[in-house]
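Okay, here's what each chain looks like letter by letter:
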Amino acid sequence: MKPSPIERLKFLKKNWRWSLRRLFEEDPKRADKFWLDGCGISLDFSKNHLNREALQTLEAYSNERQLPEAIERLFTGDIVNPSENRPALHTALRSNSQASDQELHVSQCLAQMATIVETITHKRWPGFQSEPIRTVVHIGIGGSDLGPRMVCHALSNVQQDGIEVHFVANVDGADIEDTLKTCEPGTTLFIVASKSFSTLETMANANYAKQWLLEAGCEAGELHRHMIAVSANIDAAMNFGIKRENILPMWDWVGGRYSLWSAIGLPIAIAIGMDHFNKLLAGGRAMDEHFRSQPFSQNIPVMLAWITYWYSQFWDVKSQAILPYAQRLSKLPAYLQQLDMESLGKSVNIQGKAIKKSGIVLWGTEGTNGQHSFHQLLHQGTQLVPVDFIAVKEPMTSNLHQHQLLLSCCISQSQALLNGKTEADAINELKSQGVSTEKARKLAKHKAIAGNKPSNTLIMRRLDPLHLGALIAMYEHKVYTLGVMLEINPFDQWGVELGKQLSGPIFEGLSQGKTQATWDLSTQRLVRELSKKNHC
Ligand code: F6P
């Protein structure tokens, strides 16, 4: 009987002598063949432990998992989130069509956003002292924060003049207090962004903001000049005191971590203008078309998913590093952590059956800073950590010299991971520096670098709204593809609920200095130690 794709992949991993150097030696055209282009993004995946047979087997497995049908189900609004009985139609947010009910709602919402953006940027939105709004503070957390925050930072070079946009997420009062130190109540507008309008952190910060305005002399009846909301829970937002016409919609068919394209992205539109926001959507749409239409062997999100699947399931890889070589993309790893880990960090499959290996840990920081910190472990540590290097082709400033330095660091890191340095080379290098043979032999053990470490290099043509939109949608579709391959629902996040439930009684315990006998002893001890009465 023919082995299944999974058996074949296991066999390949075990019996093939995987050497990146050898793969390049055997095929002089590898660097061209293992390269994909789409939507202004290029993917060099040649520095991976992959040969044609592994790729064909991954493709066979994807077909066995009915990936083509699953992609259609995503775009056509089928219930791809069965545990919450919902579709996941974030692609409708950027489809630029009005064919479905959802798309019609989206275009109405975009028109509402455009009016707000225009009113604010043309200084026609007066605060309670009749001065125009100049500062926007976006209050939200998780999916209602990370995407807009990351995009605003990434596109700071196209930020509109005369408007400042800040983000507050943490329930730690220092976050909002420090932010408001630089803001004037009379010229500050708060966007309270919460799909549920019940999230602890967001509600605490929104209440603080309201109080801050009232204490500065804003009458309750004037608060509508300073507070708007984005939420699927209109009643809760109105109960909080936000006027109906100041509430922009969110829908249950959009997951929080897929929502930056919706009104949750309002701070982006205010910061960079509606034209740029529409270009971001266009970039996402271009990647949607690529994902939906390209054969798997040419499909960038699918290829990225195959690579992660291959390493996480068969190479025992536990984490992946995301290393954008662009200062303005420094918030991308944190954004991708939620997108990937909240989606794929599951212990049962879609049928509720236990699974051994699901999502892996994503982490990283901007290059070149990480080189002087954790790259040591990437090069000589004992864990295998595949890397996504992200480079931007066009310089991001007029400083061409430093852009070339940046790119040379990026390329040389993947080169070092691939080739390493043999002990013999290390000995020769030391001897050429005048070190004695005996000493060189000893030292070379520490200086040798194994190499053979895999990486992808993604090249964005330019860091602009269009290409950033494509990059984000690329990772969204990578996560969806992995969900299909792992048989996981990537659209629910029940794991975060327990901590939220438990924090209520603990808050009461801390406030009243009381513990509950049903709590474990460590929790009781911590509550006693940190209770309010111990601080007074
Ligand atoms: O705590 C996780 C989470 O539920 C995320 O999935 C979500 O993005 C975030 O909280 C914020 O939720 P909300 O938009 O409802 O405030």
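Now for a description of the structure that goes with this document. (Residues numbered from 1 in each chain as written. Predicted model: local features only at pLDDT ≥ 70, side-chain atom pairs only at ≥ 80, totals over all residues. Heavy atoms only, no water.)

Here's the deal with the overall build of the chain
To keep it simple, the criterion reads: Labels follow the DSSP assignment, with helices taken as runs of H or I lasting at least four residues and strands as runs of E lasting at least two, numbered in each case from the N terminus. The reference for a compact globule is 2.2 Å times residues^0.38; the radius of gyration itself is calculated from the C-alpha atoms. Classification of residues uses two cut-offs on accessible area relative to the type maximum, computed with a 1.4 Å probe and protein chains only: under 20% is buried, over 50% is exposed, and between them is partly exposed. In what follows, a contact means two residues having at least one pair of non-hydrogen atoms within 4.5 Å. Here the Shrake-Rupley method, with its probe set to 1.4 Å, supplies the accessible areas, and only the displayed protein chains count as covering residues. In summary, the charge assignment counts Lys and Arg as positive and Asp and Glu as negative, without counting His or the chain termini. Charge positions come from single atoms, namely NZ of Lys, CZ of Arg, CG of Asp or CD of Glu.
When helices and strands are tallied, the chain shows 21 helices and eleven strands. Against the 2.2 N^0.38 benchmark of 24 Å for 536 residues, the chain shows a C-alpha radius of gyration of 26 Å, consistent with a compact globule. Across its three principal axes, the chain shows a C-alpha extent of roughly 80 × 60 × 60 Å. Within the chain, the proportion of its 536 residues that are buried is 50%. In the chain, 74% of the contacts between residues at least 6 apart in sequence involve partners at least 24 apart. Total accessible area on the chain stands at roughly 24700 Å², and carbon and sulfur atoms take up 51% of it. Side chains of the chain give 56 positive and 54 negative charges; the mean places of these two sets differ by 8 Å.

Notes on the sheet that holds strand E3 (residues 135–139)
Filter applied, for reference: For two strands to count as paired, DSSP must find a minimum of two bridges between them. Lines fitted to C-alpha atoms define the axes, with helix axes restricted to the stretch in contact, and inter-axis angles between N-to-C directions lie between 0 and 180 degrees.
If you walk across this open sheet you meet the five strands as E4-E3-E5-E6-E7, and the pairing is parallel. For this open sheet the edge positions go to strand E4 (164–168) and strand E7 (247–249), each flanked by a neighbour on one side alone. The mean angle between the axes of side-by-side strands here comes to 20°, regardless of whether they run parallel or antiparallel. Across the face of the sheet, helix H8 (residues 173–180) comes into contact with E3, E4 and strand E5 (188–193) while running at roughly 165° to E4. The sheet strands contacting helix H9 (residues 200–215) are E3, E4, E5 and strand E6 (227–231), and the helix crosses E5 at an angle near 160°.

Structural notes on the layout of surface pockets
Condition: A pocket here means an open set of points on a 1 Å grid, computed over the protein atoms alone, that has protein on both sides within 12 Å along at least five of seven lines. A cavity is instead a set of points where a 1.4 Å probe fits but cannot get out; residues with an atom within 4 Å of a point line either one. Grid points are joined across faces, edges and corners, and a volume is the space filled by probe spheres set on the points. Residue classes follow a fixed rule: Ala, Val, Leu, Ile, Met, Phe, Trp, Tyr, Cys and Pro count as nonpolar, while Asp, Glu, Lys and Arg count as charged, and any other residue, Gly among them, counts as polar.
The computed volume of the largest pocket comes to approximately 940 Å³. In terms of lining, the largest pocket is formed by 37 residues, of which the most central are Thr 199, Gln 493, Val 496, Glu 497 and Lys 500. Contributing elements (two or more residues each) for the lining of the largest pocket: H9, helix H14 (332–344) and helix H20 (497–512). Tallied by class, residues from the lining of the largest pocket come to twelve nonpolar, 16 polar and nine charged.

A short note on the pairing of E5
What counts is decided by this rule: Here the term right-handed applies to a crossover when the path leading from its first strand over the helix to its second strand runs clockwise, the strands being oriented away from the viewer.
In terms of burial, E5 is a largely internal element, six of the six residues being buried. Side chains Thr 188, Phe 190 and Val 192 of E5 all project onto a buried face; the interleaved residues Leu 189, Ile 191 and Ala 193 project onto the opposite face, where all are buried too. Bridge count for E3 against E5 is five bridges, and the pairing is parallel. Directly across from Val 137, in E5, lies its bridge partner Phe 190. Of the pairings in the sheet, the one linking E5 to E6 comprises four bridges and is parallel in character. Across the sheet, residue Ala 193 finds its bridge partner in E6, namely Val 230. The parallel pair E5 and E6, bridged by H9, forms a crossover whose chirality is right-handed.

Brief notes about empty space enclosed by the protein
By the definition in use, this model includes four cavities of 30 Å³ or more. In terms of lining residues, the largest cavity is bounded by 15 residues, among which Ile 307, Thr 308, Tyr 311, Gln 320 and Pro 386 are the most central. Of all elements in the fold, only helix H13 (300–314), strand E10 (387–392) and strand E11 (455–460) reach the threshold of two or more residues within the lining of the largest cavity. With four residues, H13 is the single largest residue contributor to the lining of the largest cavity. Of the volumes computed, that of the second largest cavity is approximately 50 Å³. Surrounding the second largest cavity, Thr 308, Ser 312, Asp 340, Leu 344, Ser 358, Gly 359, Ile 360, Leu 482 and Leu 486 form its lining. Every element with two or more residues in the lining of the second largest cavity is listed here: H13, H14 and helix H19 (465–486). Here the lining of the second largest cavity is composed, by residue class, of four nonpolar, four polar and one charged.

What about the site of the ligand?
In plain terms, the rule: If even one non-hydrogen atom of a residue comes within 4 Å of a molecule or strand, that residue is called near it. N or O atoms closer than or at 3.5 Å make up a polar contact, with two conditions inside protein: a donor-capable atom paired with an acceptor-capable one, and, for residues adjacent in sequence, both atoms drawn from side chains.
In the vicinity of the ligand lie 14 residues, with Gly 143, Ser 144, Ser 194, Ser 196 and Thr 199 positioned nearest. Within the contact set of the ligand, an oxygen atom lies 3.3 Å away from a side-chain nitrogen or oxygen of Gln 338. At 3.0 Å from an oxygen atom of the ligand is found a side-chain nitrogen or oxygen belonging to Glu 342. Residue classes in the shell around the ligand are distributed as two nonpolar, nine polar and three charged.

Structural notes on the packing of aromatic side chains
The condition that has to hold: In this scheme Phe, Tyr and Trp rings, the latter by its six-membered ring, pair at centre separations within 6.5 Å, and the angle between planes marks the pair as stacked below 30 degrees, edge-to-face above 60, and tilted otherwise. Criterion for a charge above a ring: Lys NZ or Arg CZ within 6 Å of the ring centre, and within 35 degrees of the ring normal.
Across all of its chains, the model carries 18 aromatic pairs by this definition. Residues Trp 16 and Trp 18 carry aromatic rings whose centres are separated by 5.6 Å and whose planes lie at 40° to one another, so their mutual orientation is tilted. Each member of the aromatic cluster is reached from another via a ring pair, and the members are Trp 16, Trp 18, Tyr 61, Tyr 309, Trp 310, Tyr 311, Phe 314 and Trp 315. A cation over a ring is seen here: Arg 30 above Phe 24, with NZ or CZ 5.5 Å from the ring centre. Across from the ring centre of Phe 240, 4.2 Å away, lies the NZ or CZ of Lys 210, which sits over that ring.

Focus: helix H12 (residues 274–293)
For clarity, the cut-off: Here the expected length of a helix is defined as 1.5 Å per residue gap, with one fewer gap than residues.
Compared with an ideal rise of 1.5 Å per residue, which puts 20 residues at 28 Å, H12 spans 28 Å between its outermost C-alpha atoms and is within 8% of the ideal. Turning to H12, its buried residues number three or more, namely Met 274, Phe 277, Leu 280, Leu 281, Ala 282, Gly 283, Gly 284, Met 287, Asp 288, His 290 and Phe 291.

Here we look at the environment of Asp 32
As for its placement among the helices and strands, Asp 32 is situated in helix H3 (residues 30–33). By relative accessible area, which is 60% here, Asp 32 ends up exposed. Here the alpha-carbon distance between Asp 32 and Phe 45, two residues 13 residues apart in the chain, equals 9.8 Å.

Some thoughts on the sheet that holds strand E8 (residues 319–324)
An order of E1-E2-E11-E10-E8-E9 is seen for the six strands of this open sheet, with the pairing classed as mixed. For this open sheet the edge positions go to strand E1 (35–38) and strand E9 (361–363), each flanked by a neighbour on one side alone. Taken over all neighbouring pairs, the strand axes of this sheet differ in orientation by 15° on average, direction set aside.

A closer look at the pairing of E6
By the criterion of burial, E6 is predominantly enclosed, with five of the five residues buried. Both faces of E6 are covered, namely the face carrying Met 227, Ala 229 and Ser 231 and the face carrying Ile 228 and Val 230. When E6 meets E7, the two strands line up parallel, connected through three bridges. Residue Val 230 lies in a different strand from E7, and its bridge partner there is Leu 248. Since E6 and E7 lie parallel, the crossover through helix H10 (residues 234–240) that links them has a hand, and here it is right-handed.

Observations regarding the nonpolar core
To be explicit about the condition: Throughout, nonpolar core names a set of buried Ala, Val, Leu, Ile, Met, Phe, Trp, Tyr and Cys residues whose side chains join them through atoms within 4.5 Å.
Counting residues in hydrophobic clusters, the biggest one holds 130 residues, and the most contacted among them are Met 113, Trp 310 and Leu 468. For this core, the element with the highest residue contribution is H19, accounting for 13 residues. With 24 residues, the next largest nonpolar core counts Met 203, Leu 223, Met 227 and Ala 237 among its residues.

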